[in-house]
Amino acid sequence: MVRETGLIQHLKQLKLKRRHLVREGAILVKSGLILALALVFVFPIVMTVLNSFMSSEEIVANYGMLFDQARNPWEMPADPELPWIAPTAHFKLIPDLVSAQQYIEILFKSTDYLVKFWNSVFLVLPIVAGQIFVGALAAYAFTRFRGRLAQIAFFAYIILMLMPFQVTLVPNYIVAEWFGLIDNPLAIILPGIFSTFSVFLITKYMRRIPRDYIEVAQLDGAGHWAIFSKILLPMCRTAVYSLAVLVFIDFWNMVEQPIIFLSDPLTHPLSVFLVKVNEGDIGLAFAASTIYMIPALLMFFHGEQYLVEGITHSGLKG
Amino acid sequence: MKLSEKLHRDWPAAFFLAPSLLGTALFFFVPFLLVIWYAMVDNPVIMNFVGLDNFISLFQNQAYLQAAGNTLLFSLISLPLVVGLSLGLAIVLNGKLKARSQLRSLFLSPLLVPVASIVLVWQVLFSYNGALNTTLADFGFIPVDWLKSDSARFVIIGLYLWKNLGYNMVLFLAALNTVPVELLDSARVDGATAWQRFRAITFKYLTPTLLFTLVISFINSFKIFRETYLLAGDYPFEVLYMLQHYMNNMFRSLDYQKLSAAAIVMALVMMAIIAVLFVVEGRSGRDLEES
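This is a predicted model, so every value here is computed, not measured. (Residues numbered from 1 in each chain as written. Chains lettered and ligands numbered in written order. Predicted model: local features only at pLDDT ≥ 70, side-chain atom pairs only at ≥ 80, totals over all residues.)

*Asks:* Is there a simple way to explain the overall build of chain A in this structure?
*Replies:* When you go through chain A residue by residue, the secondary structure sums to 14 helices and zero strands. Taken from the N to the C terminus, the helices and strands of chain A come in the order α-α-α-α-α-α-α-α-α-α-α-α-α-α. Expressed as a percentage of its 318 residues, the buried residues of chain A come to 41%. Relative to all contacts within chain A whose residues are 6 or more apart in sequence, the contacts with residues 24 or more apart total 78%. (Helix = DSSP H or I, 4+ residues; strand = E, 2+ residues; numbered from the N terminus. Buried ≥ 20, exposed ≤ 12 C-beta atoms within 10 Å, placed from the backbone. Contact = placed C-beta atoms within 7 Å.)

What follows is the structure, encoded as structure tokens:
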């Protein structure tokens, strides 16, 4: 009798275990399928980074005729004079021979890339810092004032935030012309600083802080600046970090503004210059792109939670 | 505390708004009034008032109509796709899964890739001499000129989906977290099917995010033309000729009249969409409170 119940229990446990295994298996399969899809999403990064370690010879052998649109590669195969140049591009991820040739060229031989890298830095950092500062200040006002007038202003800010580039670039251009800022980086930096995305995001955070904090501080005789800088802003730290990541990534990739506002290619950021590199030397383009991705990737690895947080809060009602 | 006292105490906070208000007024709001003015004169130097003539000639302009039509078609196809797919992805990622947060990161990674690298990778893949055609030819298919035929539209939609799915997915993941689990559980106990539970409960909580995601996706669809522009140049194959190309070309020729009129039309369309969003959101918000 005793042994029998033991057996039944054992069987029951086996059954449970099997059901558990099946469920685990299903989760694994599902995860695998999603992973396969996700790999498609990282493919461009992986390809760029891996191909950046190819030597020029290998790049030419793989992608040689990519931009040669003049001849029809499907009717006229390899050039008999240059048989190693592929008439059409091939998929190739892993280099036959890992080579630092492209990086040496970019970092030590030609100064163009580094100059443009710093152009990018000097354009983007003031925008990130300035937009957060102006936005945090405005958010304080929108936190203290929630009357009709403030709501109308806030609504106008949201509309401005949602306007596509093509709409806001026209007024920006007019102002830049007024102040003689064409060909001056300020023509890009100033509108970037006054972009209202930061106002929107920090206000959403700040308004959620209970009013008691402000009132207690006021009873203690704290002024507006003290309440803002010592109490509210530190509590919005997450919003500030999120903004830093989001605004950085957005402007690090800018293309339109430099093309429109800066006529001298020497002053262009690397994001614009890379496009020209593409057509000249694909090997260098992969390496330059990889270098250009490093700051964004670093921000991503260190601040992914903030990136997610920032996206999340731009979407939730608050 | 009396109102006057409160006002006296609070008004310095308005100074905090000053930098932002001045900046946005100077760089956006005031010059936009000038844009409206430019759109209604015949010439930026002589400035004869012509009313809506610029808008009429804009709507008779073949290039503009084509750009607007392509843009509309692109949005009509890609917006439902991107919203539907990212919602599906979010639902799957919200379930039981291995390495969830790592998977989420992989889907977000397209945000980090410099535009130029995206363009380069896309060129390697989709050029007439590109890798996709080489692979297809190996299997005996006839090569297609992906970027210079009607298929270009789908290449660009693919690019757009690739770039925006992750961002939208994060928005939906956050919204899915707001759905009360007890409600779903009790519905399950009452015998509601998965689809019924989704439609009656989850969907209701998702509606505000759904609308927001639609608007964000619409705005981001204007940003994707950056890639299109770099991929195919000023005058791409005709299905790729978008409003952005039109406006860029007007910028280049400094045709303020057409540029201003086109910017105003675009702003009006945007505002109409935002207004619809607010009305629908208000209604769905009420639904949520009543239920």
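*Asks:* Any chance you could explain the overall build of chain B here in plain terms?
*Replies:* Counting its secondary structure elements, chain B contains 13 helices and zero strands. Ordered by position in the sequence, the α and β elements of chain B form the string α-α-α-α-α-α-α-α-α-α-α-α-α. On C-alpha atoms alone, chain B measures out to a radius of gyration of 24 Å, which is more than a quarter above the 19 Å that the 2.2 N^0.38 rule sets for 291 residues. Dimensions along the principal axes, computed over C-alpha positions, put chain B at roughly 85 × 75 × 30 Å. (Rg over C-alpha atoms; globule rule 2.2 N^0.38 Å.)

*Asks:* Is there a simple way to explain helix α6 (residues 115-126) of chain B in this structure?
*Replies:* Structurally, the α-helix is built with 3.6 residues per turn, so residues lying three or four positions apart point the same way. All names here are of chain B. Taking 1.5 Å of rise per residue, the twelve residues of α6 would be expected to cover 16 Å, and the 16 Å separating its terminal C-alpha atoms lies within 8% of that figure. Of all twelve residues in α6, twelve are buried; the element is thus mostly enclosed. Where α6 is concerned, the buried positions are Val115, Ala116, Ser117, Ile118, Val119, Leu120, Val121, Trp122, Gln123, Val124, Leu125 and Phe126. (Expected span 1.5 Å × (residues − 1).)

*Asks:* It is not clear to me how the environment of B:Leu73 should be interpreted in this structure. Could you clarify?
*Replies:* If you trace the backbone, B:Leu73 turns up in helix α4 (residues 62-94). Linking B:Leu73 and B:Pro143, residues 70 residues apart in sequence, is a C-alpha distance of 26 Å.

*Asks:* How should the environment of B:Ala175 be read in this particular structure?
*Replies:* Residue and element names in this part refer to chain B. Tracing the backbone through its elements, the reader meets Ala175 in helix α8 (residues 152-177). The class for Ala175 is buried, based on 25 C-beta atoms found within 10 Å. Each C-alpha atom, one on Ala175 and one on Pro208, is 8.7 Å from the other, the two residues being 33 residues apart in sequence. Non-local contacts of Ala175, meaning those with residues more than four positions away in its chain, are made with Tyr205, Leu206 and Thr209.

*Asks:* So what exactly am I meant to see when it comes to the packing of helix α5 (residues 148-162) of chain A against helix α8 (residues 197-206) of chain A here?
*Replies:* For any two helices packed against each other, one specifies the crossing angle of their axes together with the interaxial distance. All names here are of chain A. Running from N to C, α5 and α8 point in directions that differ by 125°, and their axes come no closer than 9 Å. Relative to α8, the element α5 lies oblique. Remark: the crossing between α5 and α8 carries left-handed chirality. Residues Phe154, Tyr157, Ile158 and Met161 of α5 form the contact with α8, whose own contacting residues are Phe197, Val199, Phe200 and Thr203. Its residues assigned to classes, the contact of α5 with α8 comprises seven nonpolar, one polar and no charged. (Axes fitted to C-alpha atoms, helices over the stretch in contact; angles between N-to-C directions. Parallel < 35°, antiparallel > 145°, perpendicular 65-115°, else oblique. Left-handed = near helix turned anticlockwise from the far one by under 90°. Nonpolar A, V, L, I, M, F, W, Y, C, P; charged D, E, K, R; others polar.)

*Asks:* What exactly am I supposed to notice about the domain arrangement of chain B here?
*Replies:* Residues and elements named next belong to chain B. Split into domains, chain B comes out as domain 1 (14-51) and domain 2 (62-290). Contacts between the two partners involve five residues from domain 1 and, on the opposite side, six residues from domain 2. Here the side of domain 1 that touches domain 2 is built from residues that sort into five nonpolar, no polar and no charged. (Domains from an automatic or database assignment.)

*Asks:* When you look at the confidence of the model for chain B in this model, what are you seeing that I'm missing?
*Replies:* Should pLDDT be low for a region, the predicted coordinates there are not to be read in detail. Residue and element names in this part refer to chain B. Averaged over all residues, the pLDDT of chain B equals 82, while 96% of them reach at least 70. Of all the helices and strands in chain B, helix α1 (residues 3-10) carries the lowest mean pLDDT, 71, while helix α2 (residues 14-39) carries the highest, 91. Taken over the whole predicted complex, pTM reads 0.85, whereas the ipTM for its chain interfaces reads 0.83. (pLDDT = per-residue confidence, 0-100.)

*Asks:* Just checking my understanding: could you explain the nonpolar core for this structure?
*Replies:* In summary, soluble globular proteins display a tendency toward joint burial of nonpolar side chains. With 153 residues, the main nonpolar core has A:Ala288 and B:Ala262 as its most contacted residues. Take this core: its biggest share by element is 14 residues, from helix α4 (residues 112-144) of chain A. Other than its neighbours up to four places away in sequence, A:Ala288 contacts A:Ile106, A:Tyr113, A:Leu270, A:Leu274 and A:Val277. (Core = buried A, V, L, I, M, F, W, Y, C linked by C-beta atoms within 7 Å.)

*Asks:* I keep staring at the environment of A:Tyr140 and nothing clicks. Help me out?
*Replies:* Residues and elements named next belong to chain A. Among the structural elements, Tyr140 can be located in helix α4. The exposure class of Tyr140 is buried, given the 25 C-beta atoms found within 10 Å. Remark: the alpha-carbon pair of Tyr140 and Phe228, spanning 88 residues in sequence, is separated by 6.6 Å.

*Asks:* Help me understand the confidence of the model for chain A, please; the structure alone is not making it clear to me.
*Replies:* Per-residue pLDDT for chain A has a mean of 83; in total, 88% of the residues score no lower than 70. The least confident element of chain A, judged by mean pLDDT, is helix α2 (residues 56-63) of chain A at 75; the most confident is helix α7 (residues 186-193) of chain A at 95.

*Asks:* Just checking my understanding: could you explain helix α10 (residues 224-235) of chain A for this structure?
*Replies:* Here α10(A) spans 15 Å end to end across twelve residues, near enough to the 16 Å set by a 1.5 Å rise per residue. Regarding α10(A), the residues found buried are A:His224, A:Ile227, A:Phe228 and A:Leu232. The buried residues of α10(A) all sit within an arc of 90° when viewed along its axis, so they share a single face. Facing away from the buried side of α10(A) by more than 90 degrees, the exposed set consists of A:Trp225, A:Lys230 and A:Pro234. Buried positions along α10(A) lie against α4, α8 and α9 (211-219) of chain A together with α2 of chain B. (Arc of directions from axis to C-beta.)

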